Amino acid sequence: MFSRGFARSSAPAVKPIEPLVIARPELPQAEALLPYLRRIDAARWYSNFGPLLTEFEARLTARFEPDTQVVTCANGTQGLALCLQALQLAPGSLCAVPAYTFVATAHAVISAGLIPYFLDVDPDTWTLQPHTVREALAHAPAPVSAVILVAPFGLTPDLAPWLELREQTGVQVVVDAAAAFDAVHSAALPTVVSLHATKVLGIGEGGFLATEDHRLAQRVRQLTTFGFRGSRDSQMPATNAKLSEYAAAIGLAALDAWPHNRLRWLRAAQGLRAATTHLPQVAFQPGWGLSWATSVCSVQLPDGMAATVERGLSEQGVETRRWWGLGCQTNPAFADCPRGDLTQTDRLGQAVIGLPFSIDLDHEQISRVAAALAASVD
Ligand SMILES: *Cc1c(COP(=O)(O)O)cnc(C)c1O
């Protein structure tokens, strides 16, 4: 990149196209935070389950079915790892994960002392299916103690067959609903949501576990705070994964804005859907931007088309990102982890791309994405 000074003194003949960036997160602004920050100043209570965190957790809990408990933590990855740790699974056992996921899912498994076992996903919903896990249980190279079910980019799976699988096999099931803040309202299975800045309700860094299992909630809480429970005796090997009052302040302001912001996300998504209806080659996730709101737009192209379309969009200054690359299993960090047949994951890796998407994506930007897509998909 040229420096500004250089560019000014020798202006290029053709004005470069302003790049359309993949994401532009928007967190609560200073004015919205101020009332909460003043409460922190007055209370002089900065972390360790202060009044703002308690209120934030209560407001998160209210989003779920009765009898759900919410435990906040430093981020979604820690939430998953601590949840697995709290389930007290056999050390070194396998935890089945969909290969089509973000690396955090597999990192959390390893942090909890387990080994990721990569399994294939359904080609239409991009989710792990119960029958895939049942078949894998018979062929796994080691005992499987748990499954992480991922809600891809915020699309939540039906929990009923997973509750049945847990009941019948004794295999624990945890839901990585990192991107599914909007859609998860039941925590019949332990469910972890991320509050990272790039997610639909961002606070910077943060996450939470929702569960109807009160013992599990209490153990995860204890793991986030040095193994303490009501005294300063550490009862178990643990860590520090608490959220501060400042993080809770952002969370409260974000929840205040959520009803309005949810509609802004949906409006942006529906604009993009409408602008691409004449492109049957571009497929959105089921219900994306219609029945659930999320912060990323991953679309599926015809098999093998990802690289070609990415190149075409790039020439138009439209940034793209394969959010989950060619699949989690292709990362060097997980080279030694066992895996099943991954035909569908490999296909998705070459067919799914992330398009520019943000809460304030405007008409002009939407038209630009649609035009660039139209020129690239043929
Ligand atoms: C974002 C994400 C995570 C990680 O959440 P953090 O809060 O960033 O640690 C885990 N799993 C999936 C599927 C994600 O999209």
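These remarks concern the structure in this document. (Residues numbered from 1 in each chain as written. Predicted model: local features only at pLDDT ≥ 70, side-chain atom pairs only at ≥ 80, totals over all residues. Heavy atoms only, no water.)

## A short note on unusual backbone geometry
What you tend to see is this: most non-glycine residues have negative phi, and most peptide bonds are trans.
Consideration 1: Its identity is not glycine, yet Phe49 carries a phi of approximately 60°, on the positive side.
Consideration 2: As for its placement among the helices and strands, Phe49 is situated in the loop between α2 (30-43) and α3 (51-61).
Consideration 3: For Phe49, a relative accessible area of 28% translates into the label partly exposed.
Consideration 4: A positive phi angle, close to 50°, is found at Gln88, a residue other than glycine.
Consideration 5: As for its placement among the helices and strands, Gln88 is situated in the loop between α4 (76-86) and β2 (94-98). (Helix = DSSP H or I, 4+ residues; strand = E, 2+ residues; numbered from the N terminus. Buried < 20%, exposed > 50% of the residue type's maximum accessible area, 1.4 Å probe, protein only.)

## Re the packing of α3 against helix α9 (residues 245-275)
Describing two packed helices takes the angle between their axes plus the distance from one axis to the other.
Consideration 1: Where α3 contacts α9, the two axes come as close as 8 Å, and the packing angle between them is 40°. Here α3 lies oblique to α9, going by the angle between them. For the pair α3 and α9, the crossing hand works out as left-handed. When α3 is examined against α9, the residues Pro51, Leu52, Leu53, Glu55, Phe56, Arg59 and Leu60 are found in contact with a partner set consisting of Glu245, Ala248, Ala249, Gly251, Leu252, Leu255 and Asp256. (Axes fitted to C-alpha atoms, helices over the stretch in contact; angles between N-to-C directions. Parallel < 35°, antiparallel > 145°, perpendicular 65-115°, else oblique. Left-handed = near helix turned anticlockwise from the far one by under 90°. Contact = heavy atoms within 4.5 Å.)

## A look at the site of the ligand
Consideration 1: Every one of the 15 residues lining the ligand counts as a neighbour, but Gly76, Thr77, Asp176, Ser194 and Lys199 are closest to it.
Consideration 2: One of the backbone nitrogen or oxygen atoms of Gly76 is found 2.7 Å away from an oxygen atom of the ligand.
Consideration 3: Within the side chain of Lys199, a nitrogen or oxygen atom sits 3.1 Å from an oxygen atom of the ligand.
Consideration 4: Bound to the protein, the ligand loses 91% of the 390 Å² it would expose on its own.
Consideration 5: Contributing elements (two or more residues each) for the shell around the ligand: α4 and α5 (103-111). (Near = heavy atom within 4 Å. Polar contact = N/O pair within 3.5 Å; in protein donor to acceptor, adjacent residues only side chain to side chain. Areas by Shrake-Rupley, 256 points an atom, 1.4 Å probe, with all protein chains shown as cover.)

## Concerning the pairing of strand β3 (residues 115-119)
Consideration 1: Burial within β3 is extensive, with 4 of its 5 residues counted as buried.
Consideration 2: As judged from the 5 bridges shared by β2 and β3, these two strands associate in the parallel manner. Across the sheet, the residue bridging to Cys95 is Pro116, located in β3.
Consideration 3: Once the chain exits β2 it traverses α5 before rejoining the sheet at β3, and the crossover so formed is right-handed. (Pairing = 2+ DSSP bridges. Right-handed = clockwise from strand over helix to strand, strands pointing away.)

## Some details on the sheet that holds strand β7 (residues 207-211)
Consideration 1: With respect to topology, 7 strands assemble into an open sheet ordered β1-β7-β6-β5-β4-β2-β3, the strand pairing being mixed. Where the open sheet ends on each side, the last strands, each with one partner, are β1 (69-73) and β3. In this sheet, adjacent strand axes meet at a mean angle of 25° when their direction is disregarded.
Consideration 2: Sheet topology places β1 next to β7; 5 bridges connect them, and they run antiparallel. What sits directly across from Thr72, in β7, is Phe208.
Consideration 3: Helix α6 (residues 130-139) contacts β3 and β4 (144-150) of the sheet and is inclined by roughly 125° relative to β3.
Consideration 4: The strands that helix α7 (residues 160-169) touches are β4 and β5 (172-176); relative to β5, the one it contacts most, it runs at about 150°.

## A word on α4
Consideration 1: The element α4 is largely enclosed, with a buried count of 8 among its 11 residues.
Consideration 2: Burial in α4 covers these residues: Gly76, Gly79, Leu80, Ala81, Leu82, Cys83, Leu84 and Ala86.
Consideration 3: By the N-cap criterion, in which a side-chain oxygen at the helix start approaches the backbone nitrogen of a residue two or three places on, α4 is capped by Asn75, the distance to Thr77 being 3.1 Å.
Consideration 4: The first or second residue beyond α4 is Gln88, which carries a positive phi of 50°.

## With respect to the pattern of salt bridges
Consideration 1: Following the criterion strictly, the structure yields 8 salt bridges and no others.
Consideration 2: For Asp182, the salt bridge goes to Arg262, with nearest N and O atoms at 2.6 Å. Of the two residues, Asp182 is situated in the loop between β5 and β6 (191-194) and Arg262 in helix α9; the sequence distance between them amounts to 80 residues. (Salt bridge = Lys/Arg side-chain N within 4 Å of Asp/Glu carboxyl O.)

## Some words on the packing of α6 against α7
Consideration 1: Orientation of α6 relative to α7, taken along the N-to-C sense of each, is 20°, at an axis distance of 10 Å. One finds that α6 runs roughly parallel with respect to α7. Between α6 and α7 lies a crossing of right-handed hand. Contacts between α6 and α7 involve Pro130, Val133, Arg134 and Leu137 on the former and, on the latter, Pro161, Trp162, Glu164, Leu165, Gln168 and Thr169.
Consideration 2: For the contact of α6 with α7, the class distribution of residues is 6 nonpolar, 2 polar and 2 charged. (Nonpolar A, V, L, I, M, F, W, Y, C, P; charged D, E, K, R; others polar.)

## Brief notes about the environment of Ala180
Consideration 1: Tracing the backbone shows Ala180 in the loop between β5 and β6.
Consideration 2: Judged by its relative accessible area of 1%, Ala180 falls in the buried class.
Consideration 3: The spacing of Ala180 and Ser93 is 87 residues in sequence and 28 Å in space, taken between C-alpha atoms.
Consideration 4: Excluding anything up to four places from it in sequence, Ala180 contacts Ala151, Gly154 and Thr156.

## A few points about the packing of aromatic side chains
Consideration 1: Under the criterion given, the structure shown has 12 aromatic pairs.
Consideration 2: Pairing Tyr46 with Tyr246 gives two aromatic rings, centres 6.3 Å apart and planes at 5°, and the pair type is stacked. Here Tyr46, found in the loop between α2 and α3, pairs with Tyr246, found in helix α9; they are 200 residues apart in sequence, far enough to count as distant.
Consideration 3: For Tyr46, a relative accessible area of 39% puts it in the partly exposed group.
Consideration 4: Between Phe118 and Phe334, the ring centres sit 6.0 Å apart and the planes meet at 65°, which makes this aromatic pair edge-to-face. (Phe/Tyr/Trp six-rings, centres within 6.5 Å; stacked < 30°, edge-to-face > 60°.)

In short, the description is geometric, and any link to function would need to be established separately.
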